[in-house]
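Here is what each chain is made of, one letter per residue.
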Amino acid sequence: VLSKEEYINLLQCFYNATEDFENLQFIVKSHPSENPEFHIDFLNQYGKGNNIKFFGSESDIFELIHLSDLIITFNSLSALEAMVLGKNVIKINLTGEPDNVDWVEKGLAVGVYTEDALSKTIRSVVINKDFDESLSLARQELREELLLDGKIVDRITSQIESIIHN
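What this report covers is the structure whose coordinates are included nearby. (Residues numbered from 1 in each chain as written. Predicted model: local features only at pLDDT ≥ 70, side-chain atom pairs only at ≥ 80, totals over all residues. Heavy atoms only, no water.)

1. Overview of the overall build of the protein
Here comes step 1: Helix and strand content of the protein: seven helices and five strands.
Here comes step 2: Secondary structure of the protein in N-to-C order comes out as α-β-α-β-α-β-α-β-β-α-α-α.
Here comes step 3: Taking 2.2 N^0.38 as the reference for a compact globule, 166 residues should give roughly 15 Å; the C-alpha atoms of the protein span a radius of gyration of 16 Å, in line with that estimate.
Here comes step 4: Over its C-alpha atoms, taken along the principal directions, the protein stretches across nearly 50 × 35 × 30 Å.
Here comes step 5: Looking at the protein as a whole, 37% of its 166 residues qualify as buried. (Helix = DSSP H or I, 4+ residues; strand = E, 2+ residues; numbered from the N terminus. Rg over C-alpha atoms; globule rule 2.2 N^0.38 Å. Buried < 20%, exposed > 50% of the residue type's maximum accessible area, 1.4 Å probe, protein only.)

2. Some remarks on the packing of helix α1 (residues 4–18) against helix α5 (residues 117–127)
Here comes step 1: Look at α1 against α5: their axes get within 8 Å of each other, and the N-to-C directions meet at 50°. One way to sum up the angle between α1 and α5 is to call them oblique. Judged by the twist between their axes, the crossing of α1 over α5 is right-handed. In this structure, α1 contributes Cys 13, Phe 14 and Ala 17 to the contact, and α5 contributes Leu 118, Ser 119 and Ile 122.
Here comes step 2: Looking at the contact of α1 with α5 residue by residue, the classes come out as five nonpolar, one polar and no charged. (Axes fitted to C-alpha atoms, helices over the stretch in contact; angles between N-to-C directions. Parallel < 35°, antiparallel > 145°, perpendicular 65-115°, else oblique. Left-handed = near helix turned anticlockwise from the far one by under 90°. Contact = heavy atoms within 4.5 Å. Nonpolar A, V, L, I, M, F, W, Y, C, P; charged D, E, K, R; others polar.)

3. As for the pattern of salt bridges
Here comes step 1: One pass over the structure, following the stated rule, counts two salt bridges.
Here comes step 2: In this structure, Asp 99 engages Lys 91 in a salt bridge whose closest nitrogen and oxygen atoms are separated by 3.7 Å.
Here comes step 3: Among the salt bridges present, the one from Asp 102 reaches Lys 106, with a minimum N-O distance of 3.5 Å.
Here comes step 4: On the basis of relative accessible area, Lys 106 is assigned to the partly exposed category, the value being 44%. (Salt bridge = Lys/Arg side-chain N within 4 Å of Asp/Glu carboxyl O.)

4. Structural notes on the nonpolar core
Here comes step 1: Among the nonpolar cores identified, the biggest contains 25 residues, and Tyr 15, Ile 90, Leu 118 and Ile 122 are the most heavily contacted of them.
Here comes step 2: At the level of secondary structure, the elements contributing two or more residues to this core comprise α1, β1 (26–29), α2 (36–46), β4 (88–92), β5 (110–112) and α5.
Here comes step 3: The element best represented in this core is α1, accounting for seven residues.
Here comes step 4: For Ile 90, the residues in contact, after removing those within four places along its chain, are Leu 70, Ile 71, Ile 72, Thr 73, Val 110, Val 112, Leu 118, Thr 121, Ile 122 and Val 125.
Here comes step 5: Judged by nonpolar contacts, the second largest core, of 15 residues, contains Ile 71, Val 89, Trp 103 and Leu 108. (Core = buried A, V, L, I, M, F, W, Y, C linked by side-chain atoms within 4.5 Å.)

Everything listed here is a matter of geometry and, on its own, says nothing about what the molecule does.
The following block contains the structure:
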C-alpha cells in the first residue's frame, strides 16, 4: 500500500508524462477503494491538456482495456487481465522497494522506476513499438502457462495474495 505522499508522487508523475503526448488519449479509472473526487480534483489541477478522461470505478474494466493500447499501473489485477488480453503494460514503482509481482522480471510488462522514465517509456512502447515483440512473446507464454497446465486458480490466487499483502 502506498503512503499518501507516494500516491500523490505517482499521480504527478503520470500527469506530467501525459503532457508530452497531446495526440494520445489517456484514461484514468479509479479503483473501487479510491475516492473518485480525489482523482477529479487532481485532474482539474494537474491535467494540462484535453487528453485525459476520467472513469469511475463502476466503469466496465474490460471495455476500457479493449479500447486501450497500453495500461499503466502501479499495482492492479486489471494489468494482469490486460496482459492476458494482449495489451502492453507499464508498471510504475517509484517507491524504491522491489516490485511486489514479477511481471517486469518475466518480460510481461515494462518497468518504470524513476519519474523521468515514464514519458520515455510511453514513447518507446506506444510510438516506437520497441517492446512489441518481446511483450507479445511473454504474454503468449503467460496464456499458455495459465491455460494449459490446470493450475490457473493457484497462480491467480498467488498473484492476488501478492498484491494484497504488498
